[in-house]
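Each chain is listed here by its residues.
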Amino acid sequence: AAAEKGERKEQVCLEVLKSLEAFSSADAEHNELKKKANAGIAQARIEIGANLIDEAKSLYNKRDYYNAKERFRKAQDHFNKVSDFTVTQRLEKEKVQIDSLIDTCTSSIKACTNNLIGAITEIMETMPVDPITYTGGIGRTPVKIEASDRDRMEKLQSELTEEYGA
């Protein structure tokens, strides 16, 4: 199982654990093998989440802040579930690692939000007064904003500021 990665590693470790649980034993070696299988499952799930973070970073570097933020959220949700698993299985080393990854996701979500707010502010500052248009983009997403949309933009910025304190 050590040579496997991510989802395949998780499957291999789950199969090993299932085999071990097929019979019960008070033997210390049996319990140690079950603990190692659970640790392998946790590590596999950490690798899966790390891949989500890598995808989010790639989107962030492309200035696609909205999609990067959503991917970081998905990774954070994933790590929260893995955290519950590590607590249940008493996997302290993996729990510490996951807590750090959750913190990374949290700070990255905030960075994405701050960049989104900056992009909205930039659009509003360059928006013409006449009712025709400002055509620009946020990241890779083109937007067309009419002057009549100013109130909605201000409301969105206010909501983002309230929600994320940015």
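What you see is a predicted model; the values in this text were computed from it and never measured. (Residues numbered from 1 in each chain as written. Predicted model: local features only at pLDDT ≥ 70, side-chain atom pairs only at ≥ 80, totals over all residues. Heavy atoms only, no water.)

1. What about the overall build of the protein chain?
Point 1. In terms of helices and strands, the protein chain carries five helices and two strands.
Point 2. Taking all contacts inside the protein chain whose residues are at least 6 apart in sequence as the whole, residues at least 24 apart take part in 59%.
Point 3. Approximately 10200 Å² of the protein chain is accessible, and the part contributed by carbon and sulfur atoms is 50%. (Helix = DSSP H or I, 4+ residues; strand = E, 2+ residues; numbered from the N terminus. Contact = heavy atoms within 4.5 Å. Areas by Shrake-Rupley, 256 points an atom, 1.4 Å probe, with all protein chains shown as cover.)

2. Thoughts on the packing of aromatic side chains
Point 1. Taken as a whole and assessed by the stated rule, the structure comprises one aromatic pair.
Point 2. Taking 5.2 Å as the distance between ring centres and 65° as the angle between the ring planes, the aromatic pair formed by Tyr-60 and Tyr-65 counts as edge-to-face.
Point 3. Taking the ring centre of Phe-85 as reference, the NZ or CZ of Arg-45 above it sits at 4.8 Å. (Phe/Tyr/Trp six-rings, centres within 6.5 Å; stacked < 30°, edge-to-face > 60°. Lys NZ or Arg CZ within 6 Å of the ring centre and 35° of its normal.)

3. Some points on the packing of helix α1 (residues 6-21) against helix α2 (residues 28-61)
Point 1. Taken N-terminus to C-terminus, the directions of α1 and α2 make an angle of 160°; their axes are 8 Å apart at the nearest point. What the angle tells us is that α1 and α2 run roughly antiparallel. At the point where α1 passes α2, the crossing takes the left-handed sense. Contacts between α1 and α2 involve Gly-6, Glu-7, Lys-9, Glu-10, Cys-13, Leu-14, Val-16, Leu-17, Leu-20 and Glu-21 from the former and His-30, Leu-33, Lys-34, Ala-37, Asn-38, Gly-40, Ile-41, Gln-43, Ala-44, Arg-45, Glu-47 and Ile-48 from the latter. (Axes fitted to C-alpha atoms, helices over the stretch in contact; angles between N-to-C directions. Parallel < 35°, antiparallel > 145°, perpendicular 65-115°, else oblique. Left-handed = near helix turned anticlockwise from the far one by under 90°.)

4. Structural notes on α2
Point 1. Taking 1.5 Å as the rise per residue, α2 with 34 residues should run 50 Å; its terminal C-alpha atoms sit 49 Å apart, in good agreement.
Point 2. Phi for Arg-63, located one or two positions after α2, is positive at around 65°. (Expected span 1.5 Å × (residues − 1).)

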